[in-house]
Amino acid sequence: MEFEDRVPFVVRLESEDRQALFACGTRLVFPARQVLLRQHEPSAHVLILLSGWTKVTSAAANGYEALLALRGPGDIIGDGAAVSGRHRSATVTALGQVEALAVDTDRFGALLDERPSITKKLLALTADRTRDSDHRRVQYAAMNVQERLALLLLELMRSDGQDSQGGVRLTPGLTQSELAGSVGASREAVARLLKDLRERGIVRTERRGLVVIRPEALRRMARHGAV
């Protein structure tokens, strides 16, 4: 499973295009757990993440919520709504302190007209994200809930895991409901699976989040070679 391609938007840009984009932005700082963009709201700006990590989640009318992606330094968020003119399709929340540049939607549109090279890079990014999403759906279709959860934990470990005593600490601030939504299961089912993983010494829980102790065991669960 991949939440995103491995090359952030800003890194894809040529130096002159990057400078032009940054010149349009206003620097903002968001504390941990603050919502940066909210699902269903109209688009007023896009954000270029400079530091810190965010989670992208989507909620259904019945309260079912899924983690769609993690976005970090160099990533752009809010671009889909800005380009399409539609309301935002997901909520973006800071996992820790986040610094970002806010670019007004109209100014961002004008910049895309002025610099077609930025537009091409944005189209490439959108295509990569779509491909990753399609790939995830194909993988998940052939897996049970335990396999999907193992694959999700491995991706979280790779994307923003931090070395911890005896293992790798996963991104804090992710709820069991979001993990459940991401793997197409109930929160109760995911809670039972995490309890089993803890009892088997594969993961441990800490105040700051979940720590993967035995990633090789998760790889076996996820059908080693699928990640």
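Conventions adopted
- Residues numbered from 1 in each chain as written.
- Predicted model: local features only at pLDDT ≥ 70, side-chain atom pairs only at ≥ 80, totals over all residues.
- Heavy atoms only, no water.
- Pairing = 2+ DSSP bridges.
- Helix = DSSP H or I, 4+ residues; strand = E, 2+ residues; numbered from the N terminus.
- Contact = heavy atoms within 4.5 Å.
- Axes fitted to C-alpha atoms, helices over the stretch in contact; angles between N-to-C directions.
- Left-handed = near helix turned anticlockwise from the far one by under 90°.

A. Focus on the sheet that holds strand β3 (residues 45-51). Pairing is antiparallel in the open sheet, where four strands are placed in the order β1-β8-β3-β6. Here the strands that pair on one side only, and so sit at the sheet edges, are β1 (26-30) and β6 (76-77). Looking at chain direction, β3 and β6 are connected through two bridges and run antiparallel. When the sheet's bridge partners are listed, Ile 48 is paired in β6 with Ile 76. The sheet strands contacting helix α4 (residues 105-114) are β3, β6 and β8 (98-104), and the helix crosses β8 at an angle near 75°.

B. Here's a closer look at the packing of helix α6 (residues 145-160) against helix α7 (residues 176-183). Viewed as axis vectors pointing N to C, α6 and α7 meet at an angle of 115°, and their least axial separation amounts to 9 Å. For the crossing formed where α6 meets α7, the hand is right-handed. Between α6 and α7, the contacting residues are Val 145, Arg 148, Leu 149, Leu 152 and Leu 156 on the first element and Leu 179, Ser 182 and Val 183 on the second.

C. Region of the structure containing the environment of Leu 194. Checked against the element boundaries, Leu 194 lands in helix α8 (residues 187-199). In sequence terms Leu 194 and Ala 81 are 113 residues apart; their C-alpha atoms lie 35 Å from each other. When sequence neighbours within four positions are dropped, the list of residues in contact with Leu 194 reads Leu 149, Leu 153, Gln 176, Val 203 and Leu 210.

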